[in-house]
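Structure assessment
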Amino acid sequence: MFYRITNTLEHMETMPPEEISSGEMIAVTLHTEEWAQTKEHYGFPSYTGFEHDKILSCKAECYSKYIFGSLCIPVREHLLSIPLTMIFYISPDYIVFIDDGDLPDRIIGRMVHRYQDQQMSPEFFLFAFFQEFLNDDIELLERYENHLFALEEKALRGNTKNLLENILKARRELTRLRNYYEQMEDLSRELLSNVKNYFHTEDLQLLQPLCDRADQLQGIAQQAIEYCQTLRDFEQAQSDHKQNKTIEFLTILTSIFFPLTVITGWYGMNFTNMPEIHAQFGYLTVIFVSAAVIMAELFLLKKKRML
């Protein structure tokens, strides 16, 4: 699909002519096969296309006759799943988005309605397009903060079930978001540098808020990641505390029954001349002595506040 960017943003029904009017720019959305067949019509060299064998990040790169860029966008509902990807090319006359889905058309369609009464320029078009990928991220990060607060409340109440698993999952997702925001900031700065002089320098400053927003989101995501580490340390402290209590209990239990082990070993030898072995109340005597030892130990441990 084709969109004319002059003072307004409007949808075009037919393919634009080979020569574009001065001060005018055309946005084009194409599938991969369409791009391979028509890229020379839009003034791009025949060798264009080697840059995007595998899309792994958001970036913008300047080449001799065009600017190449890629977008690797996390799916907000499933941040650890395969991200959405698309590529774009910019020349003095065209901004071409290449995607086998309909994502670019949906975004530009929203922009046509949203900015129908607003002055449009190529610089503002780029700002509005890339801003669509950051619009709702403040709310997304706030939801993560609330989720981490809820995990903290559960941990303080002693409910640590699945706590570590939830913390690690949140940290992985937040790390992906932080890297994404960092890449979007780098992409914005590359376009702001205007190395190819495709844009008016003053109007290109419209991209500065996009750069600032990406930086702000990156900072919030980093704070959330550090909070995850704090929760991780708290979970580890809770785990160590439980382990220490268990060891302490086993130590006290061993201390209580160690004298009985000595008595058992002693009287289990069954020497012939042991005086108690044939005594009428020898068995009961050993029982009472053992019970007295246990009671004395419990009294001493209680007094020392070890129980």
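Okay, so let's go over this structure.

Cut-off values and rules
Residue numbering note: each chain is counted from 1, following its sequence as written. Local features are withheld for residues below a pLDDT of 70 in this predicted model, meaning they are given only at 70 or higher, and side-chain atom pairs are given and counted only at 80 or more; totals for whole chains, interfaces and linings count all residues. To obtain the side-chain values, all non-hydrogen atoms of the structure were included, while hydrogens and water were left out. At least two DSSP bridges between two strands are needed for those strands to be called paired. Only runs of H or I of at least four residues qualify as helices and only runs of E of at least two qualify as strands under DSSP, and these elements are numbered from the N terminus. For helices, the axis comes from a line fit to the C-alpha atoms of the stretch in contact; other axes are also lines fit to C-alpha atoms, and the angle between any two N-to-C directions lies between 0 and 180 degrees. We call two residues in contact whenever any of their non-hydrogen atoms come within 4.5 Å of each other. A 1.4 Å probe rolled over the protein chains alone gives each residue an accessible area, and that area as a share of the maximum for its type sets the label: buried under 20%, exposed over 50%, partly exposed in between. A 3.5 Å cut-off defines polar contacts: any pair of N or O atoms within that distance qualifies, except that in protein one atom must be a possible hydrogen donor and the other a possible acceptor, and neighbouring residues in sequence count only when both atoms are side-chain atoms. For cavity detection a 1 Å grid was placed over the protein atoms alone, and a set of points counts as a cavity when a 1.4 Å probe fits there but cannot get out; an open set counts as a pocket when protein lies on both sides within 12 Å along at least five of seven lines, with lining residues being those that have an atom within 4 Å of a point. Grid points are joined across faces, edges and corners, and a volume is the space filled by probe spheres set on the points. Amino acids are sorted into nonpolar (Ala, Val, Leu, Ile, Met, Phe, Trp, Tyr, Cys and Pro), charged (Asp, Glu, Lys and Arg) and polar (every other residue, Gly among them). Expected span of a helix, by definition, is 1.5 Å for each gap between consecutive residues, and there is one gap fewer than residues.

1. Describing the sheet that holds strand 5 (residues 67–73)
Strands sit in the order 2-1-3-7-6-5-4 across an open sheet of seven strands; the sheet is mixed. Edge strands, defined here as strands with exactly one partner in the open sheet, are strand 2 (9–12) and strand 4 (59–62). Put simply, the sheet's adjacent strands are angled 20° from each other on average, direction ignored. Bridge count for strand 1 (residues 2–5) against strand 2 is four bridges, and the pairing is antiparallel. Note that in strand 2 the partner of phenylalanine 2 across the bridge is methionine 12. Relative to strand 7 (residues 94–98), helix 3 (residues 122–131) is tilted by about 20°, and along the sheet it contacts strand 1, strand 2, strand 3 (25–30), strand 5, strand 6 (84–90) and strand 7.

2. Focus: the side chain of glutamate 132
With respect to the helices, strands and loops of the structure, glutamate 132 is situated in the loop between helix 3 and helix 4 (137–156). Residue glutamate 132 is classed as buried on the basis of its relative accessible area of 14%. A distance of 3.2 Å separates polar atoms of two side chains, one belonging to glutamate 132 and the other to arginine 110. When sequence neighbours within four positions are dropped, the list of residues in contact with glutamate 132 reads Ile107, Arg110 and Arg114.

3. A word on the layout of surface pockets
Here the largest pocket defines a volume of roughly 410 Å³. Taken together, 18 residues make up the lining of the largest pocket; nearest its centre are Ile73, Arg76, Glu132, Phe133 and Asp136. Elements that contribute at least two residues to the lining of the largest pocket include exactly helix 2 (103–114) and helix 4. Of the residues assigned to the lining of the largest pocket, the class counts are nine nonpolar, one polar and eight charged.

4. Section: helix 4
At 3.6 residues per turn, the α-helix brings residues three or four places apart onto the same side. Here helix 4 spans 29 Å end to end across 20 residues, near enough to the 28 Å set by a 1.5 Å rise per residue. Glycine 158 sits one or two residues past helix 4 and shows a positive phi near 90°.

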